[in-house]
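Okay, here's what each chain looks like letter by letter:
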Amino acid sequence: MNIYSELILDHYQNPRNFGSIKNPSKKSVIYNPSCGDRIELDIVLKQNKIKDVKFRGQGCAISQASASILTDYVLNKAKEELKKLDKDFMIKLLGIELGPNRITCALLPLEALHKLI
Ligand code: FES
């Protein structure tokens with residue numbers, strides 16, 4: 001596990017925004033077909049901004065930490081701004097070098113977000 005940064009480990013062990021929203025504006029679920037790991041995302045949208053966000057998931061440290069870190073980031077951000085987030089953004093946000101397999105893990109929550117906005 002020590003190949004991961006403290007940030008990743010912290011979010012994996014103490015995920016932020018974990019859970020579900022009772023009446024979400026939108027929800028999505030996404031799987032990584034190569035491992036079966038899953039992220040589910042609920043959001044509340046008001047005036048085109050994300051006013052609440054929760055995720056649930058099962059999977060590796062990178063996918064779950066990435067979901068926790070991304071959900072922290074998206075709160076109170078506008079839909080239009082979030083549509084522009086891409087792979088490079090996620091790499092910067094997570095602050096670690098990732099190989100091709102691990103990148104798929106890191107991008108899973110972003111894919112779930114893009115399905116919603
Ligand atoms: Fe499944 Fe990372 S190994 S998402």
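An unreviewed UniProt entry lists the protein chain under the name SUF system NifU family Fe-S cluster assembly protein.

Caption draft 1: Region of interest: the packing of helix α1 (residues 6-13) against helix α2 (residues 61-74). Packing of α1 against α2 brings their axes to within 8 Å, and their N-to-C directions diverge by 85°. Judged on the interaxial angle alone, α2 and α1 are roughly perpendicular. Residue-level contacts link Leu7, Ile8, His11 and Tyr12 of α1 to Ala61, Ile62, Gln64, Ala65, Ser68, Ile69 and Asp72 of α2. The residue makeup of the contact of α1 with α2, split by class, is seven nonpolar, three polar and one charged.

Caption draft 2: Quick peek at unusual backbone geometry. Residue Asn17 is not a glycine yet carries a positive backbone phi of 60°. By the secondary structure assignment, Asn17 is in the loop between α1 and β1 (26-31). The class for Asn17 is buried, based on a relative accessible area of 19%.

About the cut-offs
Residues numbered from 1 in each chain as written. Predicted model: local features only at pLDDT ≥ 70, side-chain atom pairs only at ≥ 80, totals over all residues. Heavy atoms only, no water. Axes fitted to C-alpha atoms, helices over the stretch in contact; angles between N-to-C directions. Helix = DSSP H or I, 4+ residues; strand = E, 2+ residues; numbered from the N terminus. Parallel < 35°, antiparallel > 145°, perpendicular 65-115°, else oblique. Contact = heavy atoms within 4.5 Å. Nonpolar A, V, L, I, M, F, W, Y, C, P; charged D, E, K, R; others polar. Buried < 20%, exposed > 50% of the residue type's maximum accessible area, 1.4 Å probe, protein only.

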